[in-house]
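Chain residues, written in single-letter form:
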Amino acid sequence: MKFVCIDCQKEMPASTNTFTCKCGGLLEVVHDFSRIDSEQLKHVFTQRLSLRTTPFASGVWRYKELIFPELEDRFITTKYEGNTGLYTPVKLQEYTGIQQLYVKAQSENPSGSFKDNGMTVAVSHGRSLGFSRFACSSTGNTSSSLAMYAALAGGESYVYVPQNRISQNKVLQTLAYGANVIRFDGTYDDGIRFLRDHAEELGLYVCNSVNPMRIEGQKSIIYEIAQTLEWKLPDWIVVPGGALSNATALGKGLHDLYTLGFIDKLPRVAIVQAVGASPFHRMVVQKLDALEPELSPQTVASALNIGNPPSWKKALRMIEATNGVTIAVSDVEILDAKAMVDQSGIGCEPASAATIAGLRALIESNVIDKEESALCILTGNMLKDTDTLYQYHLGETPGRFQRTIQNSTLNPSST
Ligand SMILES: *Cc1c(COP(=O)(O)O)cnc(C)c1O
Ligand SMILES: [Zn+2]
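Residues numbered from 1 in each chain as written. Chains lettered and ligands numbered in written order. Predicted model: local features only at pLDDT ≥ 70, side-chain atom pairs only at ≥ 80, totals over all residues. Heavy atoms only, no water.

**Structural notes on the site of ligand 1**
Put simply, the test is: Throughout this document, a residue counts as near a molecule or strand when at least one of its heavy atoms sits within 4 Å of that molecule or strand. In the analysis that follows, any N or O atom pair within 3.5 Å is treated as a polar contact, provided that within protein one partner can donate a hydrogen and the other can accept it, and provided that, for residues neighboring in sequence, both atoms belong to side chains. Each accessible area value is a Shrake-Rupley result obtained with a 1.4 Å probe; residue values ignore everything except the protein chains displayed when judging cover. Cavity means a closed set of points on a 1 Å grid over the protein atoms alone, one where a 1.4 Å probe fits but cannot get out, pocket means an open set with protein on both sides within 12 Å along at least 5 of 7 lines, and lining means a residue has an atom within 4 Å of a point. To be counted as sitting in a cavity or pocket, a molecule needs more than half of its atoms within 2 Å of that site's grid points.
Lining the immediate surroundings of ligand 1 are 16 residues, of which Lys115, Asn141, Gly242, Ser245 and Thr379 lie closest. With respect to ligand 1, the backbone of Leu244 contributes an N or O atom lying 2.7 Å from an oxygen atom. Protein chains bury 98% of the 380 Å² of accessible surface belonging to ligand 1 in isolation. With respect to the detected pockets, ligand 1 is housed in the largest cavity.

Below, the structure written as C-alpha cells:
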C-alpha cells in the first residue's frame, strides 16, 4: 500500500500524515492486489458475516484485505460500524416512480452517519503511526464520528467548527463525546487551510476527507451493498455530494470490485447536490475545465453546505468512468423527500434525502428509466438536525407532508 499524488503521480509511503502532495494535488491509496484470489476472498468475506466480536465483525474491517491489509489488528479502533440495513420501501418506490428501489441506511452507523465507515480506518491508521491526538474541520458529522473514535481509542480530539450554519445536534454530540470544540469565525474551507498549515507543529493527526485513509474505509459501503445483493448491483447508485468524499469512495470501491471480478458490470452513478451549494453539478453541466467554488453556499442540508469540495477531481473521474450524471435539487424538494423517508419508517437527515429528491427528478426528466433499478445511499440519521424537523412540521418551512400534534381531552368520544 502506498500514497500516490493524483496530479503528478509522485509516490510516497502510506506511513505519513501529509495528505497533499508538494504540487498541491490530493493523494490516494494504491494497493497491490496482484496476489488476491477473488473467489477465495469472496468466501472469506461470507464466512466473516457470522462473527460477532473480532474486528472482522465490522462492516468495514470485514474487507480489510481491500482496505488496509498491512495494519496490525491491535491498532484497529472499531464500533462494528457498517452492517447497516438495505431496504426496499414501497412508499419511496411510489414517491420516486421507479419500479425497483433499494435504500442503504448508512444512518444506522454508531455515530449516526456514513462518516464512521471512513473514520474507523483513519483513526486506526493514526494510531499505527503513534498519534493519540486527532483533528478535523467539519460541518458536524465528521466531528461527531471523530470524537467518538478518538474517545474509544483513549485519545483526544480537536474539532474546528465554523460559526455559520451547522446543526446544533451535531456540535452537542461532538462535545458530549469529550472533544475539544474550537469555534471560529470563517468557513469550513478556512478550517481546512488552518489544519493543513499547523497540524504538524501541533502534533495532530488530521481526519478530514482529504485523508485518503477515510476514502479507503468509505469504499466498504459499496462492498457491503454488493455482498448483500450477491455481487449484482442495481443499474444506478445515487449519492449526495458535499465535499464529494462519498462519491469518490464509491467510485474507488466500484473500480476495485470490477477489476477484481467481484462484479461484471459497473452501475451508473448519480451525484445529487443542493441548488444552493452545487459547484460540482455546475462544472459538469457547463463542461468547465475546473471547479469554480461557490463563495457563499446556502442550503438547509447542512452536510451539503460546502462551496469548494476538495475531492472534485476524484469525483469527476468517477462520473466519467461510470457514465454518471449530476443533478441539483431545491431545499423544498429535499425536505419533502426527507418527510417521505421518515414516514417510510427509515428516517434520515436532510442531506441524505437529496438522493430521493434527485432520483425522483431524474425519473421525471427521463434520465433514469422507471424500468431500471436504483439504490439511494442515505448518509445520516433523522435526529441529526432536530431544528430543521421542528421548522418543517411545527414551524414556518413550506412543504407537502407536514404532520401536526393533535390536542385531546383524552375522552374517546372526542376523537
Ligand atoms: C458528509 C455528509 C454528506 C456529504 O458527503 P461528502 O462526502 O462530503 O460529499 C452527506 N450527508 C451526510 C449526512 C453527511 O454527513
Ligand atoms: Zn503531486
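**Concerning the layout of surface pockets**
Here is the rule: Grid points are joined across faces, edges and corners, and a volume is the space filled by probe spheres set on the points. Runs of E in the DSSP output that reach at least two residues are strands. Runs of H or I that reach at least four are helices, and both are numbered from the N terminus. Gly falls in the polar group here, along with every residue not listed as nonpolar (Ala, Val, Leu, Ile, Met, Phe, Trp, Tyr, Cys, Pro) or charged (Asp, Glu, Lys, Arg). Domain segmentation is taken from an automatic or database assignment of domains.
Its boundaries defined by the atoms lining it, the largest pocket holds a volume of some 850 Å³. What lines the largest pocket is a set of 32 residues, and nearest its centre among them are Thr20, Leu26, Ile192, Arg196 and Val210. Elements that contribute at least two residues to the lining of the largest pocket include exactly helix H7 (188-202) and helix H12 (312-321). The element contributing the most residues to the lining of the largest pocket is H7, with nine residues. Tallied by class, residues from the lining of the largest pocket come to 14 nonpolar, 10 polar and eight charged. When residues of the lining of the largest pocket are sorted by domain, at least three fall in each of domain 1 (1-30) and domain 2 (86-112 + 214-393). For the second largest pocket, the calculated volume is near 430 Å³. Contributions of two or more residues to the lining of the second largest pocket are made by strand S3 (27-30), helix H10 (245-259) and H12. Take the lining of the second largest pocket: its biggest share by element is seven residues, from H10. Across the lining of the second largest pocket, the residue classes tally to eight nonpolar, six polar and five charged. Mapped onto the domain boundaries, the lining of the second largest pocket takes at least three residues apiece from domain 1 (1-30) and domain 2 (86-112 + 214-393).

**Observations regarding helix H5 (residues 141-152)**
Selection criterion: Each residue after the first adds 1.5 Å to the expected span of a helix. Any residue under 20% of the maximum accessible area for its type is buried, any over 50% is exposed, and the rest in between are partly exposed; the area is computed with a 1.4 Å probe on protein chains only. Any pair of residues with heavy atoms lying within 4.5 Å of one another is described as a contacting pair.
Between the first and last C-alpha of H5 there are 17 Å, a value that for 12 residues agrees with the 16 Å anticipated at 1.5 Å per step. Within H5, 10 of the 12 residues are buried, which leaves it mostly tucked inside the rest of the structure. For H5, the full list of buried residues reads Asn141, Thr142, Ser143, Ser144, Ser145, Leu146, Ala147, Met148, Tyr149 and Ala150. Close packing links the buried residues of H5 with helix H4 (115-128), strand S6 (133-137), strand S7 (156-162), helix H6 (168-176) and helix H8 (212-218).

**What about empty space enclosed by the protein?**
Under the criterion given, the structure shown has three cavities of 30 Å³ or more. For the lining of the largest cavity, the elements supplying multiple residues, two or more each, are H5 and H10. A breakdown of the residues in the lining of the largest cavity according to their chemical character gives nine nonpolar, 13 polar and three charged.

**Focus: the coordination of the zinc ion (ligand 2)**
Octahedral six-donor coordination of a metal ideally yields angles of 90 or 180 degrees, compared with 109.5 degrees for tetrahedral four-donor coordination. Threshold: Atoms are scored as donors when they are N, O or S and lie within 2.8 Å of the metal, with 3.2 Å used for Na, K and Ca; no water is included, so coordination may look incomplete. Key to geometry: four donors with every angle between 85 and 135 degrees are tetrahedral; four donors are square planar and six octahedral where opposite donors lie over 155 degrees apart and all remaining angles lie between 65 and 115; all other sites are irregular.
Note on the zinc ion (ligand 2): its protein donors are Cys5 (SG), Cys8 (SG), Cys21 (SG) and Cys23 (SG). The metal-donor distances range over 2.3 Å. Here the zinc ion (ligand 2) is ringed by four donor atoms whose angles at the metal span 104 to 119°, and the overall shape comes out tetrahedral. Counting the intervening residues between successive donors of the zinc ion (ligand 2) yields the motif C-x2-C-x12-C-x1-C.

**Quick word on the domain arrangement of the protein**
Just so we agree on the cut-off: One side-chain nitrogen of Lys or Arg within 4 Å of one carboxyl oxygen of Asp or Glu is enough to make a salt bridge.
For the protein, the domain assignment lists domain 1 (1-30) and domain 2 (86-112 + 214-393). A straight line from the C-alpha centre of domain 1 to that of domain 2 covers 27 Å. Taken together, the six residues of domain 1 in the interface contact seven residues of domain 2. Counting across the interface, domain 1 meets domain 2 through two salt bridges. Across the pair Lys313 and Asp7 runs a salt bridge whose closest N-O atoms are separated by 3.1 Å. Between domain 1 and domain 2 we count four residue pairs in polar contact (both at pLDDT 80 or more) in total.

**Examining the side chain of Asp116**
Note the cut-off: Counting rule for charge: Lys and Arg are taken as positive, Asp and Glu as negative, and neither His nor the chain ends is counted.
Mapped onto the fold, Asp116 is located in helix H4. Notably, Asp116 is buried but unbridged: the nearest opposite-charge side chain belongs to Lys384, and the N-O separation is 7.2 Å. Polar contacts involving the side chain of Asp116 include one to the side chain of Ser145, which spans 2.6 Å.

**Observations concerning the packing of H5 against H6**
So the rule is basically this: Axis definition: a line fit to C-alpha positions, over the contact stretch in the case of helices; interaxial angles, taken between N-to-C directions, run 0 to 180 degrees. If an angle is under 35 degrees, it is roughly parallel; if it is over 145, roughly antiparallel; if it lies from 65 to 115, roughly perpendicular; otherwise it is oblique. The sense of a crossing depends on the near helix, which, turned anticlockwise from the far helix by less than a right angle, makes the crossing left-handed and, turned clockwise, makes it right-handed.
Packing of H5 against H6 brings their axes to within 8 Å, and their N-to-C directions diverge by 15°. Of the possible angle classes, the one that applies to H5 and H6 is roughly parallel. Like other packed secondary-structure pairs, H5 and H6 cross with a definite hand, here left-handed. Contacts between H5 and H6 pair Asn141, Ser143, Ser144 and Ala147 from the former with Lys170, Gln173 and Thr174 from the latter. Grouping the constituent residues of the contact of H5 with H6 by class yields one nonpolar, five polar and one charged.

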